[in-house]
Amino acid sequence: MYGGIAPAEVRAAKAVSQAAGVTEHRIFRMPDLREASDMPGSDFGELPPTYIPVRNSIFYAVAASIAEETGSWTLIGGHNRNDSEVFEDTRTEFFELTQKALRAGSSRLRAARLELVRPLSKLRKHEVIRLAVELGVPLGQTWSCHRDGPVHCGGCAGCLGRKEAFERAGVSDEVSADFSGIGRKTS
Ligand SMILES: [Zn+2]
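Residues numbered from 1 in each chain as written. Predicted model: local features only at pLDDT ≥ 70, side-chain atom pairs only at ≥ 80, totals over all residues. Heavy atoms only, no water.

Some thoughts on the nonpolar core
Grouped together as the largest cluster of nonpolar side chains are 10 residues: Y60, A64, A67, L75, F94, F95, L102, L109, L114 and L116. Looking at this core, the elements with two or more residues in it are α2 (55-70) and α4 (92-104). Of all hydrophobic cores here, the second largest spans eight residues; its members include A8, A12, C145 and C159. (Core = buried A, V, L, I, M, F, W, Y, C linked by side-chain atoms within 4.5 Å. Buried < 20%, exposed > 50% of the residue type's maximum accessible area, 1.4 Å probe, protein only. Helix = DSSP H or I, 4+ residues; strand = E, 2+ residues; numbered from the N terminus.)

Section: the packing of aromatic side chains
For the structure on display, the rule yields four aromatic pairs. Here the aromatic rings of Y60 and F95 are separated by 5.1 Å at their centres, their planes lie at 85 degrees, and the arrangement is edge-to-face. Taken together, the residues Y60 in helix α2 and F95 in helix α4 connect sequence positions 35 residues apart. The exposure classification of Y60 matches that of F95, with both residues buried. Measuring from ring centre to ring centre gives 5.2 Å for F94 and F95, while their planes differ by 85 degrees; the resulting arrangement is edge-to-face. Linked through ring pairs, F44, Y51 and F87 together constitute an aromatic cluster. Geometry around F87 places R55 over its ring, the cationic atom sitting 5.7 Å from the centre. (Phe/Tyr/Trp six-rings, centres within 6.5 Å; stacked < 30°, edge-to-face > 60°. Lys NZ or Arg CZ within 6 Å of the ring centre and 35° of its normal.)

Comments concerning the coordination of the zinc ion
At 2.3 to 2.4 Å from the zinc ion lie its protein donor atoms, namely C145 (SG), C153 (SG), C156 (SG) and C159 (SG). Here the zinc ion binds four donor atoms, and the angle range of 104 to 115 degrees at the metal identifies the geometry as tetrahedral. Sequence spacing of the donors to the zinc ion: C-x7-C-x2-C-x2-C. Pair check on accessibility: C145 and C153 agree, each one buried. (Donors = N, O, S within 2.8 Å, 3.2 Å for Na, K, Ca; no water. Tetrahedral: all angles 85-135°; square planar, octahedral: opposite > 155°, others 65-115°.)

As for unusual backbone geometry
Notably, V54 is not glycine yet its phi reads approximately 60 degrees, a positive angle. The residue V54 is located in the loop between α1 (7-19) and α2 in this model. Residue classification places V54 among the partly exposed residues on the basis of a relative accessible area of 48%. Notably, R113 is not glycine yet its phi reads approximately 50 degrees, a positive angle. Locating R113 in the fold gives a position in the loop between α5 (107-111) and β2 (115-117). Assessed through its relative accessible area of 56%, R113 is described here as exposed.

Points about the pattern of salt bridges
Scanning the entire structure with this criterion turns up seven salt bridges. One salt bridge in this structure joins E69 and R26, with 3.1 Å as the shortest N-O distance. Here the residue E69 occupies a position in helix α2, and R26 occupies one in the loop between α1 and α2, the gap between them amounting to 43 residues. On the basis of relative accessible area, R26 is assigned to the partly exposed category, the value being 35%. Taking the shortest distance from any N to any O, the salt bridge between R108 and E68 comes out at 4.0 Å. Highlighted residues: R108 in helix α5 and E68 in helix α2, separated in sequence by 40 residues. Each of E24, R26 and E69 takes part in one network of salt bridges that share partners. (Salt bridge = Lys/Arg side-chain N within 4 Å of Asp/Glu carboxyl O.)

All we've got here are geometric facts, nothing functional implied.
Below, the structure written as C-alpha coordinates:
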(Lines give C-alpha, C1' and ligand atoms only; values in the text may rest on other atoms or scores of the structure.)
Protein backbone atom coordinates (compact mmCIF):
# COMPACT_ATOMS: atom_id res chain seq x y z
CA MET A 1 0.00 0.00 0.00
CA TYR A 2 1.76 3.17 -1.18
CA GLY A 3 1.25 6.86 -0.52
CA GLY A 4 -1.38 7.80 -3.08
CA ILE A 5 -3.49 4.64 -3.19
CA ALA A 6 -7.25 5.18 -2.84
CA PRO A 7 -8.58 3.73 0.46
CA ALA A 8 -11.52 2.38 -1.58
CA GLU A 9 -9.06 0.18 -3.53
CA VAL A 10 -7.72 -1.27 -0.28
CA ARG A 11 -11.30 -1.96 0.94
CA ALA A 12 -12.12 -3.62 -2.39
CA ALA A 13 -8.99 -5.80 -2.25
CA LYS A 14 -10.04 -6.96 1.20
CA ALA A 15 -13.60 -7.75 0.08
CA VAL A 16 -12.44 -9.68 -3.00
CA SER A 17 -9.82 -11.64 -1.06
CA GLN A 18 -12.45 -12.56 1.54
CA ALA A 19 -14.76 -13.77 -1.22
CA ALA A 20 -11.87 -15.91 -2.53
CA GLY A 21 -11.37 -17.49 0.90
CA VAL A 22 -7.97 -15.88 1.53
CA THR A 23 -7.01 -16.63 5.12
CA GLU A 24 -4.80 -13.58 5.69
CA HIS A 25 -4.98 -10.23 3.88
CA ARG A 26 -1.89 -8.38 5.00
CA ILE A 27 -1.42 -4.67 4.33
CA PHE A 28 2.21 -3.58 4.01
CA ARG A 29 2.41 0.20 4.27
CA MET A 30 4.86 2.19 2.13
CA PRO A 31 3.70 5.77 2.64
CA ASP A 32 6.85 7.31 1.17
CA LEU A 33 6.48 5.48 -2.15
CA ARG A 34 5.03 7.94 -4.66
CA GLU A 35 3.62 7.96 -8.17
CA ALA A 36 5.17 9.94 -11.03
CA SER A 37 2.35 12.50 -10.77
CA ASP A 38 3.55 13.28 -7.23
CA MET A 39 7.11 14.00 -8.39
CA PRO A 40 7.03 17.40 -10.07
CA GLY A 41 10.18 18.08 -12.06
CA SER A 42 10.96 14.42 -12.75
CA ASP A 43 10.75 13.18 -16.33
CA PHE A 44 9.51 9.63 -16.93
CA GLY A 45 8.94 10.08 -20.65
CA GLU A 46 5.84 8.39 -22.01
CA LEU A 47 5.03 6.49 -18.80
CA PRO A 48 1.62 7.22 -17.24
CA PRO A 49 1.23 9.44 -14.14
CA THR A 50 0.50 6.34 -12.05
CA TYR A 51 4.02 5.00 -12.73
CA ILE A 52 6.06 4.23 -9.61
CA PRO A 53 9.80 4.02 -10.31
CA VAL A 54 11.15 0.47 -9.80
CA ARG A 55 7.75 -0.55 -8.39
CA ASN A 56 7.81 -4.28 -8.97
CA SER A 57 11.40 -4.73 -7.77
CA ILE A 58 10.17 -3.25 -4.48
CA PHE A 59 6.83 -5.09 -4.33
CA TYR A 60 8.22 -8.54 -5.16
CA ALA A 61 11.08 -8.10 -2.66
CA VAL A 62 8.46 -7.38 0.04
CA ALA A 63 6.33 -10.33 -1.11
CA ALA A 64 9.38 -12.63 -1.06
CA SER A 65 10.20 -11.44 2.45
CA ILE A 66 6.67 -12.40 3.60
CA ALA A 67 6.96 -15.70 1.68
CA GLU A 68 10.15 -16.58 3.53
CA GLU A 69 8.50 -15.65 6.84
CA THR A 70 5.33 -17.65 6.24
CA GLY A 71 6.63 -20.51 4.11
CA SER A 72 4.60 -19.59 1.03
CA TRP A 73 6.64 -20.45 -2.02
CA THR A 74 4.61 -19.09 -4.91
CA LEU A 75 4.20 -15.39 -5.62
CA ILE A 76 1.32 -14.66 -8.00
CA GLY A 77 1.18 -11.41 -9.94
CA GLY A 78 -1.97 -10.19 -11.70
CA HIS A 79 -0.15 -8.38 -14.51
CA ASN A 80 -1.84 -8.66 -17.89
CA ARG A 81 -0.67 -8.22 -21.48
CA ASN A 82 -1.70 -4.56 -21.56
CA ASP A 83 0.53 -3.91 -18.51
CA SER A 84 3.60 -5.48 -20.12
CA GLU A 85 3.24 -3.22 -23.16
CA VAL A 86 3.70 -0.18 -20.90
CA PHE A 87 5.71 -1.24 -17.85
CA GLU A 88 9.08 -2.95 -18.31
CA ASP A 89 8.88 -4.43 -14.81
CA THR A 90 5.89 -6.59 -15.79
CA ARG A 91 7.73 -8.43 -18.57
CA THR A 92 9.08 -11.98 -18.68
CA GLU A 93 12.74 -10.97 -18.53
CA PHE A 94 12.14 -8.99 -15.34
CA PHE A 95 10.35 -11.88 -13.63
CA GLU A 96 12.91 -14.51 -14.65
CA LEU A 97 15.78 -12.42 -13.32
CA THR A 98 13.91 -11.34 -10.17
CA GLN A 99 13.09 -14.96 -9.31
CA LYS A 100 16.76 -15.82 -9.81
CA ALA A 101 17.93 -12.89 -7.66
CA LEU A 102 15.47 -13.66 -4.84
CA ARG A 103 16.56 -17.31 -4.77
CA ALA A 104 20.23 -16.25 -4.82
CA GLY A 105 19.70 -14.05 -1.79
CA SER A 106 17.97 -16.61 0.44
CA SER A 107 18.87 -20.25 1.03
CA ARG A 108 15.28 -20.90 2.22
CA LEU A 109 13.77 -19.44 -0.95
CA ARG A 110 16.31 -21.36 -3.02
CA ALA A 111 15.60 -24.66 -1.27
CA ALA A 112 11.85 -24.14 -1.67
CA ARG A 113 12.33 -23.12 -5.33
CA LEU A 114 10.37 -19.89 -4.91
CA GLU A 115 8.33 -19.27 -8.03
CA LEU A 116 6.96 -16.03 -9.50
CA VAL A 117 3.92 -16.78 -11.64
CA ARG A 118 1.66 -14.57 -13.76
CA PRO A 119 -1.42 -16.49 -14.86
CA LEU A 120 -2.90 -13.48 -16.69
CA SER A 121 0.23 -12.40 -18.57
CA LYS A 122 -1.00 -13.48 -22.01
CA LEU A 123 -4.50 -12.02 -21.63
CA ARG A 124 -5.64 -8.51 -22.46
CA LYS A 125 -7.85 -6.65 -19.98
CA HIS A 126 -11.12 -7.59 -21.69
CA GLU A 127 -10.07 -11.27 -21.75
CA VAL A 128 -9.31 -11.08 -18.02
CA ILE A 129 -12.87 -9.80 -17.47
CA ARG A 130 -14.34 -12.70 -19.47
CA LEU A 131 -12.27 -15.17 -17.45
CA ALA A 132 -13.38 -13.50 -14.20
CA VAL A 133 -17.03 -13.92 -15.22
CA GLU A 134 -16.42 -17.61 -15.98
CA LEU A 135 -14.78 -18.08 -12.58
CA GLY A 136 -17.53 -16.21 -10.69
CA VAL A 137 -15.25 -13.40 -9.47
CA PRO A 138 -17.37 -10.72 -7.71
CA LEU A 139 -16.48 -7.98 -10.23
CA GLY A 140 -18.96 -5.63 -8.56
CA GLN A 141 -16.68 -5.56 -5.53
CA THR A 142 -13.53 -4.64 -7.47
CA TRP A 143 -12.13 -1.11 -7.67
CA SER A 144 -10.38 0.50 -10.66
CA CYS A 145 -10.66 4.23 -9.89
CA HIS A 146 -7.52 6.20 -9.03
CA ARG A 147 -9.55 8.47 -6.77
CA ASP A 148 -11.30 7.70 -3.51
CA GLY A 149 -15.04 7.99 -3.00
CA PRO A 150 -18.26 6.03 -2.58
CA VAL A 151 -18.44 5.27 -6.32
CA HIS A 152 -15.99 5.20 -9.25
CA CYS A 153 -15.39 8.77 -10.52
CA GLY A 154 -15.95 7.73 -14.15
CA GLY A 155 -13.31 10.15 -15.46
CA CYS A 156 -9.82 9.03 -14.42
CA ALA A 157 -7.55 6.77 -16.50
CA GLY A 158 -8.47 3.79 -14.29
CA CYS A 159 -12.21 4.31 -14.82
CA LEU A 160 -11.90 4.92 -18.56
CA GLY A 161 -9.72 1.81 -18.98
CA ARG A 162 -12.26 -0.23 -17.03
CA LYS A 163 -15.18 1.06 -19.09
CA GLU A 164 -13.39 0.27 -22.36
CA ALA A 165 -12.39 -3.23 -21.21
CA PHE A 166 -15.90 -4.15 -20.02
CA GLU A 167 -17.39 -2.89 -23.27
CA ARG A 168 -14.87 -4.88 -25.31
CA ALA A 169 -15.57 -7.96 -23.20
CA GLY A 170 -19.30 -7.56 -23.80
CA VAL A 171 -19.91 -7.70 -20.04
CA SER A 172 -22.10 -5.19 -18.19
CA ASP A 173 -20.32 -3.56 -15.27
CA GLU A 174 -22.29 -3.52 -12.04
CA VAL A 175 -20.09 -0.94 -10.27
CA SER A 176 -21.62 2.49 -9.83
CA ALA A 177 -19.75 5.29 -11.54
CA ASP A 178 -20.13 9.04 -11.70
CA PHE A 179 -19.70 9.61 -15.40
CA SER A 180 -20.22 13.34 -14.96
CA GLY A 181 -16.47 13.14 -14.28
CA ILE A 182 -15.65 12.42 -17.92
CA GLY A 183 -13.54 15.14 -19.42
CA ARG A 184 -12.13 16.13 -16.06
CA LYS A 185 -8.35 16.08 -15.76
CA THR A 186 -7.34 12.41 -15.67
CA SER A 187 -4.88 10.98 -13.19
ZN1 LIG B 1 -11.96 7.13 -11.54
